[in-house]
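Coordinate inspection notes
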Protein chains: 2
Amino acid sequence: MSKQELVVLGQSDESGACCPGLVTAPLDEDRATDLAKLFKALGDPVRLRLMSMIASRSGGEVCVCDLTPAFDLSQPTISHHLKLLRQAGLIDCERRGTWVYYWALPATLDRLAAFLKASQTAEATA
Amino acid sequence: MSKQELVVLGQSDESGACCPGLVTAPLDEDRATDLAKLFKALGDPVRLRLMSMIASRSGGEVCVCDLTPAFDLSQPTISHHLKLLRQAGLIDCERRGTWVYYWALPATLDRLAAFLKASQTAEATA
DNA sequence: ATGTTGCATCGATAAACATCAATACAACCC
DNA sequence: GGGTTGTATTGATGTTTATCGATGCAACAT
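What comes next concerns the included structure. (Residues numbered from 1 in each chain as written. Chains lettered and ligands numbered in written order. Predicted model: local features only at pLDDT ≥ 70, side-chain atom pairs only at ≥ 80, totals over all residues. Heavy atoms only, no water.)

Overview of the protein's contact with DNA strand C
Taken together, 25 residues lie around DNA strand C, and Q75, S79 and Y102 of chain A together with T77 and H81 of chain B are the ones closest in. For DNA strand C, the backbone makes up 73% of the atoms found within 4 Å of the protein, where backbone means sugar plus phosphate. Interatomic distance of 2.7 Å between a side-chain N/O atom of Q75 of chain A and a base nitrogen of DNA strand C. Looking at the surface near DNA strand C, the elements that each hand over two or more residues are helix 3 (64-67), helix 4 (75-87) and strand 4 (99-104) of chain A together with helix 4 (75-87) of chain B. Per-element accounting of the surface near DNA strand C gives the leading share, 5 residues, to helix 4 of chain B. (Near = heavy atom within 4 Å. Polar contact = N/O pair within 3.5 Å; in protein donor to acceptor, adjacent residues only side chain to side chain. Helix = DSSP H or I, 4+ residues; strand = E, 2+ residues; numbered from the N terminus.)

Here is the structure:
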């Protein structure tokens, strides 16, 4: 029994076929534009913390009401950052009664990880 | 309710991540600020392509004179992006005669990769 | 219905950013 | 020296972004 891997949802494959990897070959313009949006979404401390707070709930969702008070920012600002993360495909949400719950979309994170992971293989000295 | 993805990965984690990882625990503010700078540096299509062009030269360096003509941008703009990548610790450079050569700093890429890689391990319970 | 609470959207503003032309600098060549 | 080439810096400009207060909307409670 070695590694078993089960991925649901659109993303086809991991580090190898689908995406070249940052180090394996120069990125073409389209892929660069696409991936840069993801990096940019994570390129803000508030969003990175939000993403981490959401993704570290392994089982599932976080209520916005648990996220907002963790920051010294207004509620609309947090809402705005959550929207950006959602537009980037990193998280999704659903309203349940009065509250809105967010959860991570691991496929997108995996895509980034795979893209960067190839970096390690090329430079043998890590 | 919406479908949650289920990712099972039997990898034996030898990445030796020094840092928590995005999914393992909520990021504290300092680490978030620090890592966000890296993501932001890669969050521009031009810089991402530059980074890829530089890093994909596994053995070594790229002359700026090879980078600039690959873009439809002015030379100062490319120079500016290279500076940002350098300030982020992703690349370094050296002048050799008339030309300036850039190379990737894999340790920084590895840090990002390790940070994201942990994302894949945590989704186990659904 | 009326009020209350949780969250999103709108409009405004100040800061950050990408970009360029012009210029400066550094190293070479003659 | 003077001229040329490669790269960085400067200054300006238009665009994007982070942030807020005010407001809107949805779901509950009474």
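What about the state of the cysteines?
All names here are of chain A. Applying the stated rule across the entire model yields 2 disulfides over all chains. Through a disulfide, C63 is tied to C65; the S-S separation comes to 2.4 Å. On the S-S bond that ties C63 to C65, the torsion sits near 125°, and the link is right-handed. Among the residues examined, C65 registers a relative accessible area of 43% and is labelled partly exposed. (Disulfide = S-S within 2.5 Å. Buried < 20%, exposed > 50% of the residue type's maximum accessible area, 1.4 Å probe, protein only.)

Details of the side chain of T68 of chain B
Residues and elements named next belong to chain B. Note that T68 resides in the loop between helix 3 (64-67) and helix 4. When its relative accessible area of 16% is taken as the criterion, T68 is described as buried. Residues within four places of T68 in sequence aside, it is in contact with Q75 and I78. (Contact = heavy atoms within 4.5 Å.)

A few points about the protein's contact with DNA strand D
Neighbouring DNA strand D are 24 residues, the closest being S74, T77 and H81 of chain A together with Q75 and Y102 of chain B. Sugar plus phosphate: this is where 71% of the atoms of DNA strand D within 4 Å of the protein reside. Contact distances for DNA strand D include 2.8 Å between a phosphate oxygen and a backbone N or O atom of S74 of chain A. Within the contact set of DNA strand D, a phosphate oxygen lies 2.6 Å away from a side-chain nitrogen or oxygen of H81 of chain A. Elements with a minimum of two residues in the surface near DNA strand D: helix 4 of chain A together with helix 3, helix 4 and strand 4 (99-104) of chain B. Considered class by class, the residues forming the surface near DNA strand D number 10 nonpolar, 9 polar and 5 charged. (Nonpolar A, V, L, I, M, F, W, Y, C, P; charged D, E, K, R; others polar.)

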